[in-house]
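Given next are the chains, with one letter for each unit.
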Amino acid sequence: MQQQLPALDGIRVIELGQLIAGPFCGQLLADFGADVIKVEQPGEGDPMRHWGHSKDGKSLSWSVIARGKRSVTADLKSDAGRAFLRALVAEADVLVENFRPGTLERLGLGWDELSAVNPRLILVRVSGFGQTGPYASRAGYGSIGEAMGGLRHLVGDPDRPPSRTGLSIGDMLAGMHAAYGTTLALLARERTGAGQVVDVSILESVLAMTEALVPDYALAGVTRERSGAVLPGVAPSNVYPTADGDFVLVAANQDTVFRRLAVAMGRAELGTSAEYGTHVARGERQRELDDLIAQWTSRHQSGDLLAILEEHGVPAGRVYTARDMLADPHFQARESIVAVPDPDLGRIPMQNVAPRLSATPGRIRWSGPDLGAHDAEVRALLPTEAAP
């Protein structure tokens, strides 16, 4: 199939967000060809420029989350900065912001003002608790949304306090929902000709991913609890030790798959036994079944174990670190990780664009830019009076 332009080619996005939630939305849109113009405070820029690990003084987190974007500077507290933003908005399709609700209004840049400049504008607002409700004005980081949205209560081992996932998952979920809401609003604009507000809260973005947690409690009286590496009643699906110290995740909870695992273990009788032959029976004996499987896996090197499981059609995989991903032939064949040119660091390996579109694929055009790197070229697009 002949490839066309990226799916969002021709869409201009103004990004006022900072840190992760709003900028991740911008990253996803830029990956698919949107012209994302990131407006930053002069001299300071997005704090994400200084977060995380760095190489030669450059934040590697910034290199990823700002990839494919153009950086311009403007002080939105000044008349000139606000005039500049209005001029950008007049020619834009989308504006993404993740300030505390009311901030844009105090700057004279609320929905009424911006939509008067451009009735086709889509204003994407990402916040901790949403634009309405009694908590709207509260400060709300991703971790708070994870806590109140139900995720933190479920993460970790049952004999320890709630934990975290190791990533800023609440912010990332909000960014994904913001990008999803943006594309829906763009589709709706094709029918109506008018823009609208996309209201994304971190709290609700986390809540949206909690499966049946609410009806489990409301209708069945069940409060889901932390369960460590397993999902209670679903077995076997766990990480198991190997002779060389690695861990392999085996997911064989479906009846037919468990029978294949039993054959692989040399214990075919387990697959049809009263104790382990059905989903319910395995769930009731989850711990003893995990112990039995662990005794078997610990006698094998991880590579040998994976070969046996693959031969018998049992889903399994090693628990990877970044080092493993970079060396894996499947990652290499699919270019799941690509090296992106960077003027300071040469080439930066990072995750490729997802999902993959066959006709209008996304691509990473460049890594996170220097502060104000595109000031001149962006201002050249605007009327002279709007480009101080």
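All of the points below concern the structure found in this document. (Residues numbered from 1 in each chain as written. Predicted model: local features only at pLDDT ≥ 70, side-chain atom pairs only at ≥ 80, totals over all residues. Heavy atoms only, no water.)

### Thoughts on a nonpolar patch on the surface
Turning to step 1, where the next piece is worked out: A contiguous nonpolar patch, built from Tyr135, Tyr141, Ile144 and Met148 and spanning about 410 Å² of accessible area, is present on the exposed surface.
Turning to step 2, where the next piece is worked out: With respect to the secondary-structure elements, Met148 resides in helix H6 (residues 142–148). (Patch = residues over 30% accessible without salt bridge, like charges linked within 9 Å, V, L, I, M, F, W, Y side chains within 5 Å. Areas by Shrake-Rupley, 256 points an atom, 1.4 Å probe, with all protein chains shown as cover. Salt bridge = Lys/Arg side-chain N within 4 Å of Asp/Glu carboxyl O. Helix = DSSP H or I, 4+ residues; strand = E, 2+ residues; numbered from the N terminus.)

### Brief notes about unusual backbone geometry
Phi is mostly negative for residues that are not glycine, and the peptide bonds are mostly trans.
Turning to step 1, where the next piece is worked out: Cis geometry marks the peptide bond from Ala235 to Pro236; its omega dihedral reads -5 degrees.
Turning to step 2, where the next piece is worked out: Its place among the elements puts Pro236 in the loop between helix H9 (213–220) and strand S9 (237–241).
Turning to step 3, where the next piece is worked out: At the junction of Ala354 and Pro355, the peptide bond is cis and its omega measures out at 0 degrees in the coordinates.
Turning to step 4, where the next piece is worked out: You can see Pro355 is positioned in the loop between strand S13 (346–351) and helix H16 (375–379).
Turning to step 5, where the next piece is worked out: With a phi angle near 65 degrees, Leu19 is a residue other than glycine that sits in the positive phi range.
Turning to step 6, where the next piece is worked out: With respect to the element layout, Leu19 can be found in the loop between strand S1 (12–15) and helix H1 (21–31).
Turning to step 7, where the next piece is worked out: Since its relative accessible area comes to 14%, Leu19 is described here as buried. (Buried < 20%, exposed > 50% of the residue type's maximum accessible area, 1.4 Å probe, protein only.)

### Comments concerning the sheet that holds strand S10 (residues 247–251)
Sheet strands associate in pairs through backbone hydrogen bonding, adopting either a parallel or an antiparallel arrangement.
Turning to step 1, where the next piece is worked out: The 3 strands lie next to each other as S9-S10-S11, forming an open sheet whose pairing is antiparallel. At either margin of the open sheet sits one strand with a lone partner, and together these are S9 and strand S11 (316–318). Neighbour-to-neighbour, the strand axes of the sheet open up by a mean angle of 25 degrees, direction not taken into account. (Pairing = 2+ DSSP bridges. Axes fitted to C-alpha atoms, helices over the stretch in contact; angles between N-to-C directions.)

### Some thoughts on the side chain of His374
Turning to step 1, where the next piece is worked out: Relative to the helices and strands, His374 is located in the loop between S13 and H16.
Turning to step 2, where the next piece is worked out: For His374, a relative accessible area of 12% translates into the label buried.

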